[in-house]
Amino acid sequence: LLFAMSRAANPNKPKKGAQPTEAELAAKKQKVERERIRKLIITLGDDNKKVVSQVRGVAGALEDDVELHGDLMSDTVVECAKCLPLKSGMFAAWLTKMAEKNATWCATVVSKLLEELRASVRTGRTSTVQLLLRFCVCLGNCGLISLSSVFQLLHEVCALSEGLRPNKGGDFGVFLALAQLPFLSPAAYKKAKEAVSKLIEAAKPYLAHRDPRWKPLLQILKGHELPDRLEALADCLESLVQADWASQAVLHVPGFEPADESKPGMPEFSLGIKAEELKKTVRLQVPLMSSQLLTSAGEAPEGGRMSKQDRWVLEDYILLTIEMFGKDVEKCSEQILRIPVLHSDFEAVAVETIFSQMLRLPSPPHLPLFYLRLLEAIAEKQVTTKKLIEEAYQALFEHSAVLDEESLDVLAEAFAYHLVHSTYQADWKHFTGESVSVQGQRFIRRAMERLQRLSFHQNLIHRLPEAVHVYVPAEPVAASGLPVVSRPEFGRMIGFVRIKDANENKVMEYCNWLMHLQPKEEQSEQPSTAAKPSEGVAEVTVNDDDANEAAGGDETDAKRRKLNDGSKDAASKQEAGKAEEAEPSVKQEEKEEGQGDEACLQKRTLTKPAWHFRGQLACLQGPASMKKA
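Counting restarts for each chain, with residues numbered from 1 along the sequence as it is written. Local features in this predicted model are restricted to residues whose pLDDT is 70 or higher, and side-chain atom pairs enter the listing and the counts only when it is 80 or higher, whereas totals over whole chains, interfaces and linings include all residues. Side-chain measures here rest on the full set of heavy atoms in the structure, leaving out hydrogens and waters.

Describing the overall build of the protein
1) Next: Note on conventions: DSSP H or I runs of at least 4 residues are helices, E runs of at least 2 residues are strands, and numbering of each starts at the N terminus. Within the protein one finds 29 helices and two strands.
2) Next: Using a 1.4 Å probe on the protein chains alone, a residue whose accessible area is under 20% of its type maximum counts as buried, one over 50% counts as exposed, and one in between counts as partly exposed. The buried share among the 629 residues of the protein stands at 43%.
3) Next: Total accessible area computed for the protein in this model is approximately 35700 Å², and 52% of it derives from carbon and sulfur atoms. Computed with a 1.4 Å probe, the accessible areas rest on the Shrake-Rupley method; for each residue, only the protein chains presented here act as cover.

Below you can see the structure in the form of structure tokens.
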């Protein structure tokens, strides 16, 4: 009674469910524990100011979980090394710290790393190979792997270009091997200076005979020759040698030193792949360096322009971050702003790189809308980049006469979206006055065409300055005065097609009625001999079974068929005359030579007036049907 009164007073009170079993509780607890471990590893190094303390803290928190969750931890580390470009050194330092008490587990992690590296090389996943090799170099910086093993691996990667032309995968090995050297720590460079020189010398013969004849086709601005990232990498390495391998763009975790010998139990570093295996499967189009839209002109900042090696590394960070976080604009913008480069040119280089990727030829890796949203997300988080984005647009407008045609279309679409986002505010000096170039006029007309699709004509006239109204397309007006408008069916159709409370079925039924069509359900129920009301003719297929049955019938049926086939009935002739006047396109009835011949009933498809087949089918079905017909 008390329970019933309680339920009556509070009917929405949830009922007590069955108590979970011990197995369910254990599974839930294990799931929570696994999520905790993954979160600790993935968020390692999110705060750049406390990297050393984070490495030690996470190592201490997870060193006792290796026995139960070792596979989960190793898989998570390898996945993070493949997808997080900014944390390669942090994960290498943490793994080295874990090796102090769990050396065997660390050896399994390195083995998985090598297996994933080999699989990525065979399938030509350039970005994944680049990040995994970078992780190997960072392991050498921290002393978990000997420097000799690391350079042996890089030499094998460089050898993948032997005997291959640049457009047949030749750039793959050399670029990936040399691209890891900027991430070598100064301490590791001092110990392995000779190995670094040997690797650079091994790549020089290929670079000397490399002829990138396709570069002019990839230039965004004609006449502004830009090196590709492989050519710029060679200059970057020379600059690093002159600076004694010092770089402000690469973060090295303090407290770790390289070693001449690997930690005990570490597997042998060997790739085991030859160049012939990649000849038909791997292709790499090395992209061009970013156009210096903001940093090439104007006064240099107080600290000077960014060095070649720092700019190359910064662009590499941005390109890999865009590729890895291309499905989430917000996360991508956060990762770009977290890049540990403290220089006054950082924001300008970031804006230049994103614009260059958006206009990249022959086509950008992502849709232009993605790069526009990325710039907007960065501007929302870093207000000082708004001015740089406007300056980048103005710099491109100044060079519109030499801008590639494909890039011009992309820029027009980008500028239209930018105007909508910025409430139609922009600097119109390049499109007003009498000195506007022909290419500039073509560009602004294309931009206005795309802008009118995003908005409407009256809004553009109201929002845009009067000086640019001449570039706005004419207002799109609905077609009127057509003959069909005066038909009553047109007015009835307009009444059916509504924006609010639309009834699709009703509209389709009326369209079918206009076309004299039957719904599919009714058509499936009708026999195949049914006549189409809009054509006045019928298609009939006479089967062999019907022919045999008709041939074995009595003599009376045979006589009726002869009379019907000959069309001697006067009434039938009168109807045939009317049908021929109404339907002049109907074929004349075929004359059959033999009467009563079974060959006239073989399987075939005839196109005749519907009234003819109604009588013929009635003859086949018997006297009752004949009388009815």
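Re the pattern of salt bridges
1) Next: Every case where a carboxyl oxygen of Asp or Glu lies within 4 Å of a side-chain nitrogen of Lys or Arg is listed as a salt bridge. Counted according to the given criterion, the structure contains 30 salt bridges.
2) Next: A salt bridge links lysine 381 to glutamate 330, with the shortest nitrogen-to-oxygen separation between them at 2.6 Å. Here the residue lysine 381 occupies a position in helix 17 (residues 368–381), and glutamate 330 occupies one in helix 15 (residues 329–337), the gap between them amounting to 51 residues.
3) Next: Lysine 381 gets classed as partly exposed once you look at its relative accessible area, which sits at 31%.
4) Next: Judged by relative accessible area, which is 39%, glutamate 330 ranks as partly exposed.
5) Next: The network of salt bridges with shared partners includes Arg134, Arg229, Arg311, Glu315, Asp316 and Glu352.

Remarks on the packing of helix 8 (residues 147–158) against helix 11 (residues 193–209)
1) Next: Geometry is summarised by axes, namely lines fitted to C-alpha atoms with helices restricted to the contacting stretch, and by angles between N-to-C directions that run from 0 to 180 degrees. Relative to each other, helix 8 and helix 11 sit at 5 degrees, their axes nearing to 10 Å. Taken together, the axes of helix 8 and helix 11 lie roughly parallel to each other. Only Ala195, Val196, Lys198, Leu199, Ala202 and Ala203 of helix 11 make contact with helix 8, whose side of the interface consists of Phe151, Leu154, His155 and Cys158.
2) Next: In terms of residue class, the contact of helix 8 with helix 11 is built from eight nonpolar, one polar and one charged. Should an angle fall under 35 degrees it is called roughly parallel, over 145 degrees roughly antiparallel, and 65 to 115 degrees roughly perpendicular, with every other angle called oblique. What makes two residues a contact is simply this: any of their non-hydrogen atoms within 4.5 Å. Classes in brief: Ala, Val, Leu, Ile, Met, Phe, Trp, Tyr, Cys and Pro nonpolar; Asp, Glu, Lys and Arg charged; the others, Gly included, polar.

Topic: the packing of aromatic side chains
1) Next: Only Phe, Tyr and Trp rings take part, Trp by its six-membered ring, and two of them pair if their centres are within 6.5 Å. Stacked means planes under 30 degrees apart, edge-to-face means over 60, and tilted covers everything else. Summed over all chains, the structure comprises 16 aromatic pairs.
2) Next: Residues phenylalanine 183 and tyrosine 317 carry aromatic rings whose centres are separated by 6.0 Å and whose planes lie at 70 degrees to one another, so their mutual orientation is edge-to-face. Residue phenylalanine 183 is located in the loop between helix 9 (170–178) and helix 10 (186–191), and its partner tyrosine 317 is located in helix 14 (residues 308–324); the two are separated by 134 residues in the primary sequence.
3) Next: With a relative accessible area of 4%, tyrosine 317 lands in the buried category.
4) Next: Arranged with centres 4.5 Å apart and planes meeting at 10 degrees, the rings of tyrosine 189 and tryptophan 245 form a pair that is stacked. Of this pair, tyrosine 189 sits in helix 10 while tryptophan 245 sits in the loop between helix 13 (229–242) and helix 14, and the two are 56 residues apart along the sequence. In this structure, tyrosine 189 and tryptophan 245 share a single accessibility class: buried.

Some thoughts on a positive patch on the surface
1) Next: Patches were defined on residues exceeding 30% relative accessible area and lacking a salt bridge, with like-charge contacts within 9 Å and nonpolar side-chain contacts (Val, Leu, Ile, Met, Phe, Trp, Tyr) within 5 Å. Counted as positive: Lys and Arg. Counted as negative: Asp and Glu. His and the chain ends are not counted at all. The location of each charge is read from NZ of Lys, CZ of Arg, CG of Asp or CD of Glu. A grouping of Arg165, Lys168, Lys279, Lys280 and Arg283 is seen on the molecular surface, where their side chains present a positively charged patch.
2) Next: Within the secondary structure, lysine 279 is located in the loop between helix 13 and helix 14.
3) Next: Residue lysine 279 is classed as partly exposed on the basis of its relative accessible area, which comes to 46%.

Comments concerning the side chain of serine 185
1) Next: Note that serine 185 resides in the loop between helix 9 and helix 10.
2) Next: Its relative accessible area of 7% is what places serine 185 among the buried residues.
3) Next: Non-local contacts of serine 185, meaning those with residues more than four positions away in its chain, are made with Asn141, Trp245 and His252.

Considering the side chain of histidine 457
1) Next: Mapped onto the elements, histidine 457 comes out in helix 21 (residues 457–463).
2) Next: According to the relative accessible area criterion, histidine 457 is buried, its value standing at 15%.

With respect to the packing of helix 7 (residues 126–142) against helix 9
1) Next: Their axes nearest at 9 Å, the elements helix 7 and helix 9 cross at an angle of 30 degrees. Of the possible angle classes, the one that applies to helix 7 and helix 9 is roughly parallel. The way helix 7 lies across helix 9 gives a crossing that is right-handed. Contacts between helix 7 and helix 9 involve Thr126, Val129, Gln130 and Leu133 from the former and Phe172, Phe175 and Leu176 from the latter.
2) Next: Split into classes, the residues belonging to the contact of helix 7 with helix 9 amount to five nonpolar, two polar and no charged. Working rule for handedness: look at the near helix, and if it is turned counterclockwise from the far one by less than a right angle, call the crossing left-handed; if clockwise, right-handed.

Concerning the nonpolar core
1) Next: Counting 155 residues, the largest nonpolar core has Trp94, Leu181 and Phe355 as its most contacted members.
2) Next: Contact partners of leucine 181, with chain neighbours within four places excluded, come to Phe151, Leu154, Val196, Leu199, Ile200, Leu237 and Trp245. Here, nonpolar core refers to any group of buried Ala, Val, Leu, Ile, Met, Phe, Trp, Tyr and Cys residues whose side-chain atoms link them within 4.5 Å.

A word on helix 5 (residues 88–98)
1) Next: The buried fraction of helix 5 is high, at 10 of 11 residues.
2) Next: Buried within helix 5 we find Ser88, Gly89, Met90, Phe91, Ala92, Ala93, Trp94, Leu95, Thr96 and Met98.
3) Next: Among the structural elements, helix 2 (22–42), helix 3 (51–62), helix 4 (66–83), helix 6 (103–123) and helix 7 are those in contact with the buried residues of helix 5.

Some thoughts on unusual backbone geometry
1) Next: The peptide bond linking leucine 361 to proline 362 adopts the cis configuration, its omega dihedral lying at 0 degrees.
2) Next: Positive phi outside glycine occurs at tryptophan 245, with the angle close to 60 degrees.
3) Next: With a phi angle near 55 degrees, threonine 423 is a residue other than glycine that sits in the positive phi range.
4) Next: Among the structural elements, threonine 423 can be located in the loop between helix 19 (405–421) and helix 20 (438–454).

Focus: the confidence of the model for the protein
1) Next: Residue-level confidence of the predictor, termed pLDDT, takes values from 0 up to 100. Per-chain confidence: the protein averages 81 in pLDDT, with 78% of residues scoring 70 or above.
2) Next: For the stretch residues 526–629, pLDDT sits under 50, and the model shows 91 contacts to residues farther than four places along the chain or on other chains.

Observations concerning the environment of alanine 348
1) Next: Its place among the elements puts alanine 348 in helix 16 (residues 346–358).
2) Next: Along the sequence, alanine 348 and glutamine 292 sit 56 residues apart, while their C-alpha atoms lie 9.0 Å from each other.
3) Next: The residues touching alanine 348, leaving out its near neighbours within four places in the chain, are Leu294, Thr295 and Leu388.

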